[in-house]
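# Structure assessment
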Amino acid sequence: MNPIRMQSAIVLRSREVERRITGQPVSDGAGVKLLRVLTAELQRRLDPFLMLDEFRSDNPDDYLAGFPDHPHRGFETVTYMLAGRMRHRDSAGHEGLLTAGGVQWMTAGRGIVHSELPEQEDGLMHGFQLWVNLPARDKLTAPAYRDIPAEDIPIYPTASGATIKVIAGESEGVIGAVRRAATAPLYLDIELPAGVVHAAALPPGHNAFLYVYAGQVEVGARGEAVTARQLAVLTNAAGADGVLLRGAGGARLLLIAGQPLHEPIAQWGPFVMNQREEIEQALADYRAGRF
Ligand code: FE
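The following paragraphs examine the structure supplied in this document. (Residues numbered from 1 in each chain as written. Predicted model: local features only at pLDDT ≥ 70, side-chain atom pairs only at ≥ 80, totals over all residues. Heavy atoms only, no water.)

A word on the packing of aromatic side chains. For the coordinates displayed, the defined rule picks out 10 aromatic pairs. Pairing Tyr-80 with Tyr-187 gives two aromatic rings, centres 6.2 Å apart and planes at 90°, and the pair type is edge-to-face. Residue Tyr-80 is found in strand β8 (residues 75–83), and its partner Tyr-187 is found in strand β19 (residues 186–192); the two are separated by 107 residues along the sequence. Given a relative accessible area of 1%, Tyr-80 falls into the buried group. With a relative accessible area of 1%, Tyr-187 lands in the buried category. An angle of 70° between the planes, with centres 5.8 Å apart, marks the rings of Phe-271 and Phe-291 as edge-to-face. Taken together, the residues Phe-271 in strand β28 (residues 271–273) and Phe-291 in the segment after α1 (276–287) connect sequence positions 20 residues apart. Looking at Phe-271, the relative accessible area reads 1%, which means it is buried. By relative accessible area, which is 18% here, Phe-291 ends up buried. (Phe/Tyr/Trp six-rings, centres within 6.5 Å; stacked < 30°, edge-to-face > 60°. Helix = DSSP H or I, 4+ residues; strand = E, 2+ residues; numbered from the N terminus. Buried < 20%, exposed > 50% of the residue type's maximum accessible area, 1.4 Å probe, protein only.)

In this section: the sheet that holds strand β25 (residues 242–247). With antiparallel pairing, the four strands of this open sheet are ordered in space as β20-β25-β22-β23. One side of each edge strand has no neighbouring strand; the edge strands of this open sheet are β20 (197–201) and β23 (224–227). Averaged over all neighbouring strand pairs, the angle between strand axes comes to 30°, with direction disregarded. As paired elements, strand β22 (residues 216–219) and β23 share four bridges and run antiparallel to each other. From the neighbouring strand, Val-217 faces β23, where its bridge partner is Val-226. (Pairing = 2+ DSSP bridges. Axes fitted to C-alpha atoms, helices over the stretch in contact; angles between N-to-C directions.)

What follows is about the environment of Gly-220. Among the secondary structure elements, Gly-220 is positioned in the loop between β22 and β23. A relative accessible area of 10% means that Gly-220 is categorised as buried. Sequence-wise, Gly-220 and Arg-13 are 207 residues apart; in three dimensions their C-alpha atoms are separated by 8.7 Å. Look past the residues within four positions of Gly-220 in its chain and what remains in contact with it is Ser-14, Arg-15, Glu-16 and Leu-244. (Contact = heavy atoms within 4.5 Å.)

Moving on, we get to the sheet that holds strand β10 (residues 95–98). Strand order in the open sheet formed by four strands is β7-β12-β9-β10, with antiparallel pairing between adjacent strands. At either end of the open sheet lies a strand with only one pairing partner, and these are β7 (67–72) and β10. Taking the axes of each pair of neighbouring strands and ignoring which way they run, one obtains an average angle of 20° across the sheet. Bridge count for β7 against strand β12 (residues 112–118) is four bridges, and the pairing is antiparallel. By the bridge assignment for β12, His-70 is matched with His-114.

Right, let's get into the pattern of salt bridges. This model, assessed by the stated rule, comprises 15 salt bridges. In this structure, Lys-33 and Asp-62 form a salt bridge, with 3.3 Å as the shortest nitrogen-oxygen distance. Here Lys-33, found in strand β5 (residues 32–38), pairs with Asp-62, found in the loop between β6 (49–57) and β7; they are 29 residues apart in sequence, far enough to count as distant. A salt bridge links Asp-189 to Arg-252, with the nearest nitrogen and oxygen atoms 3.1 Å apart. Residue Asp-189 is located in strand β19, and its partner Arg-252 is located in strand β26 (residues 251–258); the two are separated by 63 residues in the primary sequence. (Salt bridge = Lys/Arg side-chain N within 4 Å of Asp/Glu carboxyl O.)

This is the structure:
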């Protein structure tokens, strides 16, 4: 296969689609309607990623109640807003407003209690929340937040006509807004007009997936179609150095990859640790008000 060159990225051997998964409608928080895209049964395969939700509605009844006070321990949440505004407050007095195009990267670490509440009464609310695991040694680290407004997130056009927003990691020499040492996540939001090809480099050892949230994209040398609201797990074939993407009708997609932790995963709702005893400890700490 001929290499396809896009600026600096050359993908000689593309990953392919291993499996496609359609998001499942669920209700979470105080009745917020969501599409759960990455579910618990994919946690091992897509290590270090634990969950991906898409929320998209222009009906306030679907989102107004938001996510009142709830705890987290042992991982990171990454909230990316495309439309709408979300107010975040926590038990330690931190507060932030997430606006369209912005990202909040929250490290729950040893524990926080926070609320995530829409700050609008009508109009479109659209965004994503990704959960990224922490390595065992960092699970009880101090909680931390970064609210990153849209203007601080690099976005660039490729020579071929794609537009790439680099939320985390690096794309063609463009350094993203966030870098994390243990999981080295890549988080790109890619716009691919029809017929436009983009070759995205991916670190060979990373687990990778993409989620198409509008239009359709043809993936890999086989050109397998992935349509809106589908997640595609990408193969970890030896020697593959990236993924070929071809827009097939106003495609918008998230391309996400991370270095696996290869550690046991014990989850109970908003607590993600390595062992069951650590979950029991988290519950005890939460009930005792130690978060
Ligand atoms: Fe939360």
